[in-house]
Amino acid sequence: MANNTEQKKRVNFLKGFTEDASLMRLFFIMVVAFILMTIITKGKFVTGANISSMATQFPEIGILAIAVSITMLLGGINLSVVGIANLSGVFCCLTIIKLEPSIGTWPAIFIGLMVALVCGLVCGFLNGLLIAYIGIPAMLATLGSQEIFMGLGIGVTEGAAVFGTPDAFTFVGAGKFLGIPGPLVVFMIVVVIFTILLQKKKYGMELYLSGTSPKAARFSGIKNQKVIIMTHVLSGVLSSVAGIIIASRANSAKASYGSSYVLQCLIVAILGGINPNGGFGKVSGVVMAILTLQFLSSGFNMLRVDSYFKTFIWGALLVGAMILNYYGDRISENRKRRNAEKAIEKES
Amino acid sequence: MKKLLKRNEFYVAVTLVVMCLIIGLMNPVFFTLANVVSLMKNGIIMGIMSFALMLGIIAGGIDVSFPAIAVCAMYLTSKLMESLEYSGPVIVPILMAVAIGTVLGLLNGIIITKFELPAFIVTLGTSSLFYGLLITLAGSKPVNRLCPSMEAFGKAQMIRVTSGSTTATCTYTFLFLVAILVIVHIILKYTMLGRGIYAIGGDRVSAERAGFNVKGITIFVYTFIGMAAGLGGICHAMQARMCIPTDLMGSEMMCIAVVVLGGTSISGGKGTVVGTLLGLMLITVAQNSLILIGITSIWQQLVSGLIILAGVSLSAYKELKNSRKIPKILDDEMEV
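Residues numbered from 1 in each chain as written. Chains lettered and ligands numbered in written order. Predicted model: local features only at pLDDT ≥ 70, side-chain atom pairs only at ≥ 80, totals over all residues. Heavy atoms only, no water.

Draft legend 1. A look at the overall build of chain B. When you go through chain B residue by residue, the secondary structure sums to 15 helices and two strands. Relative to the compact-globule value of 20 Å for 336 residues, chain B shows a C-alpha radius of gyration of 21 Å, a close match. Principal-axis analysis of the C-alpha atoms gives chain B an extent of 75 × 55 × 35 Å. Counting every position in chain B, which comprises 336 residues, the buried fraction comes to 51%. Long-range pairs, those at least 24 residues apart, make up 76% of the contacts in chain B with a sequence separation of at least 6. (Helix = DSSP H or I, 4+ residues; strand = E, 2+ residues; numbered from the N terminus. Rg over C-alpha atoms; globule rule 2.2 N^0.38 Å. Buried < 20%, exposed > 50% of the residue type's maximum accessible area, 1.4 Å probe, protein only. Contact = heavy atoms within 4.5 Å.)

Draft legend 2. A look at the overall build of chain A. In terms of helices and strands, chain A carries 12 helices and two strands. Tracing chain A from N to C terminus, the helices and strands come up as α-α-α-α-α-β-β-α-α-α-α-α-α-α. Relative to the 2.2 N^0.38 estimate, which gives 20 Å for 348 residues, the radius of gyration of chain A is 22 Å and therefore close to what a compact globule would have. Split into buried and exposed, the 348 residues of chain A put 51% on the buried side.

Draft legend 3. The packing of aromatic side chains, seen in detail. Evaluated as defined, the whole model comprises 13 aromatic pairs over all chains. Where tyrosine 308 of chain A meets tyrosine 131 of chain B, the ring centres are 6.0 Å apart and the plane angle is 80 degrees; that geometry is what we call edge-to-face. Here tyrosine 308 of chain A is found in helix 12 (residues 307-347), whereas its partner tyrosine 131 of chain B is found in helix 7 (residues 119-138) on a different chain. With relative accessibility at 25%, the residue tyrosine 308 of chain A sits in the partly exposed group. By relative accessible area, which is 8% here, tyrosine 131 of chain B ends up buried. Their ring planes at 45 degrees and their centres at 6.2 Å tell us that phenylalanine 153 of chain B and phenylalanine 176 of chain B sit as a pair that is tilted. A residue pair is termed long-range when its members are at least 10 positions apart, and phenylalanine 153 of chain B in helix 8 (residues 148-155) and phenylalanine 176 of chain B in helix 9 (residues 174-190) qualify at 23 residues. Phenylalanine 176 of chain B gets classed as partly exposed once you look at its relative accessible area, which sits at 21%. (Phe/Tyr/Trp six-rings, centres within 6.5 Å; stacked < 30°, edge-to-face > 60°.)

Draft legend 4. Structural view of the environment of serine 265 of chain B. Residues and elements named next belong to chain B. Structurally, serine 265 is set in the loop between helix 13 (252-261) and helix 14 (273-289). With relative accessibility at 3%, the residue serine 265 sits in the buried group. Taking C-alpha positions, serine 265 is 18 Å from isoleucine 225, a pair spaced 40 residues apart along the chain. Setting aside residues up to four positions removed in sequence, serine 265 forms contacts with Ile57, Lys270 and Glu319.

Draft legend 5. Region of the structure containing the pattern of salt bridges. All names here are of chain A. The final tally for this structure, using the stated rule, is two salt bridges over all chains. The closest approach of N and O atoms between glutamate 60 and arginine 249, which form a salt bridge, is 3.0 Å. Note that glutamate 60 is positioned in helix 2 (residues 48-73) and arginine 249 in helix 9 (residues 224-250), a separation of 189 residues in sequence. A relative accessible area of 1% places glutamate 60 in the buried class. Arginine 249 sits in the partly exposed class, given a relative accessible area of 34%. With its nearest N and O atoms 3.7 Å apart, the salt bridge here joins glutamate 206 to lysine 202. Here glutamate 206 pairs with lysine 202, and both are found in helix 7 (residues 202-212), just four residues apart, close to one helical turn. What makes lysine 202 exposed here is its relative accessible area of 65%. (Salt bridge = Lys/Arg side-chain N within 4 Å of Asp/Glu carboxyl O.)

Draft legend 6. Spatial organisation of the nonpolar core. With 201 residues, the main nonpolar core has Ile66, Met72 and Phe187 of chain A together with Phe120, Val184 and Ile197 of chain B as its most contacted residues. Once residues lying within four places of it in the same chain are set aside, the contact partners of methionine 72 of chain A are Ile77, Leu266, Ala269, Ile270, Ile274, Asn275, Pro276 and Gly278 of chain A together with Ile121 of chain B. If you look at the next biggest cluster of nonpolar residues, it comprises 12 residues, including Cys93, Leu113, Ala116 and Ile244 of chain A. (Core = buried A, V, L, I, M, F, W, Y, C linked by side-chain atoms within 4.5 Å.)

Draft legend 7. Just a positive patch on the surface, in detail. Together, Arg330 of chain A together with Lys114, Arg204 and Lys215 of chain B make up a positively charged patch on the protein surface. Here lysine 215 of chain B shows up in helix 12 (residues 214-240). (Patch = residues over 30% accessible without salt bridge, like charges linked within 9 Å, V, L, I, M, F, W, Y side chains within 5 Å. Areas by Shrake-Rupley, 256 points an atom, 1.4 Å probe, with all protein chains shown as cover. Lys, Arg positive; Asp, Glu negative; His and termini not counted. Charge placed at Lys NZ, Arg CZ, Asp CG, Glu CD.)

Draft legend 8. View of the interface of chain B and chain A. The interface of chain B with chain A comprises 39 residues on the first partner and 41 residues on the second. Taken over both partners, the interface formed by chain B and chain A buries close to 3,700 Å², and the fraction arising from carbon and sulfur atoms is 80%. On the chain B side of the contact with chain A, Ile121, Gln301 and Leu309 of chain B bury the most area, a combined 16% of that side's loss. Seen at the junction of chain B and chain A, the total is zero salt bridges. Secondary-structure elements contributing two or more residues to the side of chain B that touches chain A are helix 6 (91-114), helix 7, helix 13 and helix 15 (297-335) of chain B. Of the residues contributing to the side of chain B that touches chain A, the split by class is 27 nonpolar, nine polar and three charged. (Buried area = accessible area lost by both parts, 1.4 Å probe. Nonpolar A, V, L, I, M, F, W, Y, C, P; charged D, E, K, R; others polar.)

Draft legend 9. Fine view of the confidence of the model for chain A. Residues and elements named next belong to chain A. Taken as a whole, chain A shows an average pLDDT of 83; of its residues, 94% reach a score of 70 or greater. Mean pLDDT in chain A bottoms out at helix 1 (residues 2-40), which sits at 65, and peaks at helix 9, which reaches 91. Note on residues 5-18: pLDDT is under 50 here. Beyond four places in sequence and across chains, it has nine contacts. (pLDDT = per-residue confidence, 0-100.)

Draft legend 10. Unusual backbone geometry, seen in detail. Residues other than glycine seldom take positive phi values, yet asparagine 251 of chain A does so here, at roughly 55 degrees. Summarising the element assignment, asparagine 251 of chain A is placed in the loop between helix 9 and helix 10 (261-271).

Draft legend 11. View of the side chain of threonine 292 of chain A. Residue and element names in this part refer to chain A. Within the secondary structure, threonine 292 sits in helix 11 (residues 283-302). Residue class for threonine 292 comes out buried when judged on its relative accessible area of 5%. In this structure the side chain of threonine 292 is engaged in a polar contact, spanning 2.8 Å, whose partner is the backbone oxygen of methionine 288. (Polar contact = N/O pair within 3.5 Å; in protein donor to acceptor, adjacent residues only side chain to side chain.)

Draft legend 12. Layout of the confidence of the model for chain B. Residue and element names in this part refer to chain B. Taken residue by residue, chain B gives an average pLDDT of 86. The fraction at 70 or more is 94%. Per-residue pLDDT stays below 50 along residues 328-336; that stretch engages in zero contacts with residues further than four places along the chain or on separate chains. If you check the scores for this complex, the pTM reads 0.83 and the ipTM reads 0.80.

Draft legend 13. Local environment of the packing of helix 10 (residues 192-202) of chain B against helix 12 of chain B. All names here are of chain B. Running from N to C, helix 10 and helix 12 point in directions that differ by 100 degrees, and their axes come no closer than 10 Å. Looking at the two axes, helix 10 sits roughly perpendicular to helix 12. Touching Leu193, Gly196, Ile197 and Ile200 of helix 10 are Val214, Ile217, Thr218, Phe220 and Val221, all from helix 12. Grouping the amino acids of the contact of helix 10 with helix 12 by side-chain chemistry returns seven nonpolar, two polar and no charged. (Axes fitted to C-alpha atoms, helices over the stretch in contact; angles between N-to-C directions. Parallel < 35°, antiparallel > 145°, perpendicular 65-115°, else oblique.)

Draft legend 14. Seen up close, the side chain of asparagine 86 of chain A. As for its placement among the helices and strands, asparagine 86 of chain A is situated in helix 3 (residues 81-103). Apart from the residues lying within four places of it in its own chain, the contact partners of asparagine 86 of chain A are Lys254, Ala255, Ser256 and Tyr257 of chain A.

Draft legend 15. Layout of the packing of helix 4 (residues 105-132) of chain A against helix 9 of chain A. All names here are of chain A. Contact geometry for helix 4 and helix 9: axes closest at 7 Å, N-to-C directions at 145 degrees. When you trace helix 4 past helix 9, the crossing you get is right-handed. Every residue of helix 9 that contacts helix 4 at Leu113, Ala116, Leu117, Gly120, Leu121, Gly124, Phe125, Asn127, Gly128, Leu129, Ile131 and Ala132 is listed here: Gln225, Ile228, Ile229, His232, Val233, Gly236, Val237, Ser240, Val241 and Ile244. Its residues assigned to classes, the contact of helix 4 with helix 9 shows 14 nonpolar, eight polar and no charged. (Left-handed = near helix turned anticlockwise from the far one by under 90°.)

So this is what it looks like as structure tokens:
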């Protein structure tokens, strides 16, 4: 009997270890990327200027990546995050420009930010409706809605960038709070909120369950459709937050900005251990993945690497990370099996 | 008649006819022969890729890397022919482009089957992998002068129609579209391979149990898509009579829309050549005729997005209603 509980403990410990193994692997890759870039750039990489420029660059993609990740946890995907971000940015800037003369700078900025968030909410809700109630697969629905959001943005702005927002608007994207760049502050808030939401709240549990097996979730009383809508609304709002950061950093908005961001978001999510079939993955993994990517990106920029070569690296990383995960999973599975066999042998 | 009403193709056809009538009534130019011929020409490249993509979607997969493959094939071929100052028959560059496409498609297929990875994400990765590598190694300068045989092939007019003041022509590349259409139809309708493609898309495990070589068929499908992409790419270069490496990128969405609008189930197992042909016509008309009814180019993306999403919604909603019927029966049984 005592022997039995000891074995149980060991199995539990092993389970914890394999679960952490993918996060450990990520942490290892992140550190390697950091050291590699420091060596290659001969220390220029760790200067204060570079670190603070990195801190303003990665949050926007990081937030978009979390927006994609939560929909992937559901077994779906959201390819319209960039469209939503740009559309929100455009509406935000247009509102501020329109209202500033009549109600003053700060109230106009406040209303502009609210408009952007509402825009993200509505877009996300639309995505959710298409997926949950009309039954379009998430990938198709969001590919289509991306076309619509971007088309709407282009139509409203006639394809040009929106300029003329007051300088005060840059407080989010270029300002500093207690010496920390604004975007990083927003990113940290988002990470904390979503870690709590996913790990500690009822919604998070429903999300993971519904993503693992919609049928099982339905029979245990979870309303899948509600979870889908909720997730896409959150994803839309997150996208609009990223859109605000982008618009605020450049103090302008453009409907066709950042078309390569979708791919990068997916790379971050997959590298971060989010299972595209749903149900598995953590925000902490996504954070490590975005940091890794930013280290590589900044390093390459210092080396003056061609942007197309970076495209190649992203693609190679995405495919490579998945192949690595495949082997990693196989190794941990084999280990599990061996342990189980050993346990059976001991018993007999 | 009842059977007809149940079929998805019927609704696409009705939408197509209604749309054509509206556009035609608003602008009579739409119904001239010249316009029809120019629509035909505009649909060639998208058609070649869409029919191949349909095989992938029926098999329950997807490929978003085919524009990148097409660009790789056309750019490498044009560039090589330019540097060799090649002056032989046109078949050589075409075969070369097809070969490049086939190799890249094979690579997709191997990665997807060997590591059991989701096709969408793999092809998304290989898309930027192929494209990034191509531009890094081969540069991004357009090839302005194709080799003489390609130039001549692109110039040759298969059909030439003059109506009123406008003259429209259609190139011989149209024959490639017809060839792909016939090949795909034969594969799906008359071969064991085609049965296998439907079976995998319907239920992978059952297909495996039934003795289909699931991995082999999957690899074939992605190789075929790559091959068609190579062909489409070189056709694009010949039609444009120059080769710009930034062309075609981003056209994957439209091709997916063509296939899905034509009634192919995105989850696999269902789809016909006729449906995809109708989808192709619908999208080609929507893309090329909005300007005829006075929708300016800045609103075109929004309108074509709306048309696509509306069409996709229609077929998805019907499928959803059908699938709801089954669980209901199950629920009843469980209560008993």
